[in-house]
Amino acid sequence: MLSKANTTFKITKWEEESISELTGGGGLRRAHITKSYEGELQGDGIVEYLMAYKPEGSASFTGYEVVTCVLNGKSGSFVFEHRGKFKDGVVDSTWSIAEGSGSGELAGIRGEVYFKAGHQAEYAVTLEYEL
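Residues numbered from 1 in each chain as written. Predicted model: local features only at pLDDT ≥ 70, side-chain atom pairs only at ≥ 80, totals over all residues. Heavy atoms only, no water.

Moving on, we get to the overall build of the chain. Summing up its helical and strand segments, the chain has zero helices and nine strands in all. Each helix and strand of the chain, ordered N terminal to C terminal, gives the series β-β-β-β-β-β-β-β-β. Relative to its length of 131 residues, the chain is compact, with a C-alpha radius of gyration of 15 Å against a globular reference of 14 Å. Projecting the C-alpha coordinates of the chain onto the three principal axes gives extents of approximately 50 × 25 × 25 Å. The 131 residues of the chain split such that 36% are buried. Taking the contacts inside the chain whose residues are at least 6 apart along the sequence as the reference set, 47% of them involve residues at least 24 apart. Per element, the accessible surface of the chain, about 7,400 Å² overall, is 52% carbon and sulfur. Of the charged side chains in the chain, 13 are positive and 19 negative; the average position of the first set lies 3 Å away from that of the second. (Helix = DSSP H or I, 4+ residues; strand = E, 2+ residues; numbered from the N terminus. Rg over C-alpha atoms; globule rule 2.2 N^0.38 Å. Buried < 20%, exposed > 50% of the residue type's maximum accessible area, 1.4 Å probe, protein only. Contact = heavy atoms within 4.5 Å. Areas by Shrake-Rupley, 256 points an atom, 1.4 Å probe, with all protein chains shown as cover. Lys, Arg positive; Asp, Glu negative; His and termini not counted. Charge placed at Lys NZ, Arg CZ, Asp CG, Glu CD.)

Structural data, given as structure tokens:
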């Protein structure tokens, strides 16, 4: 049965570094991010992104996030796999729970978040999941 969890998150740290620059602009960058979640999903996330920037500033990215949380009263952890794009100041991405990554009371969890937003202090998302 499909369940939903409404949560908000804040980015508490963003560290980004260049891996390789391209002639004419753009290149490959890596980011290490920490997040805090509040709501029906409460806890912390640690994300590692690889981002391919184009010369005009847009980017494609992929990454993994370890989430340690309480989700609607059940505690444990899981891994989000992030895939998305950044263009004109807006991120458009999908976060899928990596198969088999759930632990504790979240063992066997499956689900996704669809995320689209510009820069903000706090973001609201809905996790649709099965457990």
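Our next topic: the pairing of strand E5 (residues 74-87). Pairing between strand E4 (residues 59-71) and E5: 13 bridges, direction antiparallel. Residue pairing across strands places leucine 71 opposite lysine 74, the latter belonging to E5. Taken together, E4 and the strand that follows it, E5, pair antiparallel across an intervening segment of two residues, in which asparagine 72 is found at a positive phi of about 45°. Note that E5 and strand E7 (residues 103-104) share two bridges and pair antiparallel. Each bridged residue has a counterpart across the sheet, and for serine 77 the counterpart in E7 is serine 103. Bridge count between E5 and strand E6 (residues 90-97): eight bridges; the pairing is antiparallel. What sits directly across from lysine 87, in E6, is valine 90. (Pairing = 2+ DSSP bridges.)

By the definition in use, this model includes ten aromatic pairs. With a centroid separation of 5.4 Å and 40° between ring planes, the pair formed by tryptophan 95 and phenylalanine 115 is classed as tilted. In this pair, tryptophan 95 is assigned in strand E6 and phenylalanine 115 in strand E8 (residues 110-118), connecting sequence segments 20 residues apart. Given a relative accessible area of 8%, phenylalanine 115 falls into the buried group. On the numbers, 5.6 Å between centres and 70° between planes, the contact of phenylalanine 115 with tyrosine 123 is edge-to-face. A relative accessible area of 8% places tyrosine 123 in the buried class. An aromatic cluster is present here, built from Phe9, Tyr37, Phe78, Phe80, Trp95, Phe115 and Tyr123 joined pairwise through their rings. When the ring centre of phenylalanine 9 is taken as reference, the NZ or CZ atom of lysine 35 above it lies at 4.3 Å. (Phe/Tyr/Trp six-rings, centres within 6.5 Å; stacked < 30°, edge-to-face > 60°. Lys NZ or Arg CZ within 6 Å of the ring centre and 35° of its normal.)

Our next topic: the nonpolar core. Most often, soluble globular proteins have nonpolar side chains that are buried together. Grouped together as the largest cluster of nonpolar side chains are 20 residues, with contacts concentrated most on Leu41, Leu71, Phe78, Phe80, Trp95, Phe115 and Leu127. Looking at this core, the elements that each hand over two or more residues are strand E1 (3-21), E4, E5, E6, E8 and strand E9 (123-130). Per-element tally for this core: the top contributor is E9, with four residues. Contacts of phenylalanine 80, omitting those with residues within four sequence positions, involve Tyr37, Gly63, Tyr64, Glu65, Val67, Trp95, Ser96, Ile97, Val113 and Leu127. Ala31, Val47, Met51 and Phe61 belong to the second largest nonpolar core, which has six residues in total. (Core = buried A, V, L, I, M, F, W, Y, C linked by side-chain atoms within 4.5 Å.)

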